[in-house]
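Analysis of the macromolecular model
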Amino acid sequence: FSASANTGTATGRTDESQARMTAFLPPLSTETWTLIAVVLTLLVAYGIWPYGFFNNLGIPGPRPLPFVGSFLEYRKGLHNFDTECFRKYGNIWGIFEGR
């Protein structure tokens, strides 16, 4: 065990906590991190973009998941899913089967 002086940096973090943070994140440039953030943002936007269609028309329905839609709701069985939607939303409802 070695005792060392913990001197805070300008951000208020100790040298040890900065070293742990640096070990967690790969050493990439600011431009690369910016590009990664932009690509992830565009990917999420692409995945949820069409899901406002029925909402804009005033048609109710189950909330879809990005890229999958309401497809996972079919695990209950197609008939059970349709019956549940009929009870919850009435005669007309909108669903998304994937992107």
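First, a word on what this report is: a plain description of the structure on this page. This one's a predicted model, so the numbers in the text were calculated from it and none came from an experiment.

Together, Phe24, Leu25, Leu28, Trp33, Ile36, Leu40, Leu43, Tyr46 and Phe67 make up an exposed nonpolar region whose accessible area comes to about 870 Å². The element best represented in the nonpolar patch is helix H2 (residues 30-48), accounting for five residues. With respect to the helices, strands and loops of the structure, Phe67 is situated in the loop between helix H3 (53-57) and helix H4 (78-89).

On to H4. With 12 residues, H4 should cover 16 Å at 1.5 Å per step; its first-to-last C-alpha distance of 16 Å lies within 8% of that length. Count one or two residues on from H4 and you reach Gly90, which has phi positive near 95°.

Moving on, we get to the pattern of salt bridges. Under the defined criterion, the tally for this structure stands at two salt bridges. Among the ionic pairs, Glu73 bridges to Lys76, the shortest N-O distance being 3.2 Å. On the accessibility criterion, Lys76 (40% relative accessible area) is partly exposed. Residues participating in the shared-partner salt-bridge network are Glu73, Lys76 and Glu84.

On inspection of all chains with the given rule, the structure shows one aromatic pair. When the centroid spacing of 5.1 Å and the interplanar angle of 80° are considered together, the rings of Tyr74 and Phe81 count as edge-to-face. Accessibility expressed as a relative area gives 18% for Tyr74, which makes it buried. Taking relative accessible area as the criterion, Phe81 reaches 1% and is therefore assigned buried.

Here the largest pocket defines a volume of roughly 280 Å³. Taken together, 15 residues line the largest pocket, and the ones lying closest to its centre are Tyr51, Asn55, Pro62, Arg63 and Pro64. Of the residues belonging to the lining of the largest pocket, the class tally is 10 nonpolar, four polar and one charged.

Rules behind the numbers
Residues numbered from 1 in each chain as written. Predicted model: local features only at pLDDT ≥ 70, side-chain atom pairs only at ≥ 80, totals over all residues. Heavy atoms only, no water. Patch = residues over 30% accessible without salt bridge, like charges linked within 9 Å, V, L, I, M, F, W, Y side chains within 5 Å. Areas by Shrake-Rupley, 256 points an atom, 1.4 Å probe, with all protein chains shown as cover. Salt bridge = Lys/Arg side-chain N within 4 Å of Asp/Glu carboxyl O. Helix = DSSP H or I, 4+ residues; strand = E, 2+ residues; numbered from the N terminus. Expected span 1.5 Å × (residues − 1). Buried < 20%, exposed > 50% of the residue type's maximum accessible area, 1.4 Å probe, protein only. Phe/Tyr/Trp six-rings, centres within 6.5 Å; stacked < 30°, edge-to-face > 60°. 1 Å grid on protein atoms, 1.4 Å probe; cavity = no way out; pocket = protein on both sides within 12 Å on 5 of 7 lines; lining within 4 Å. Points joined across faces, edges and corners; volume = space filled by probe spheres on them. Nonpolar A, V, L, I, M, F, W, Y, C, P; charged D, E, K, R; others polar.

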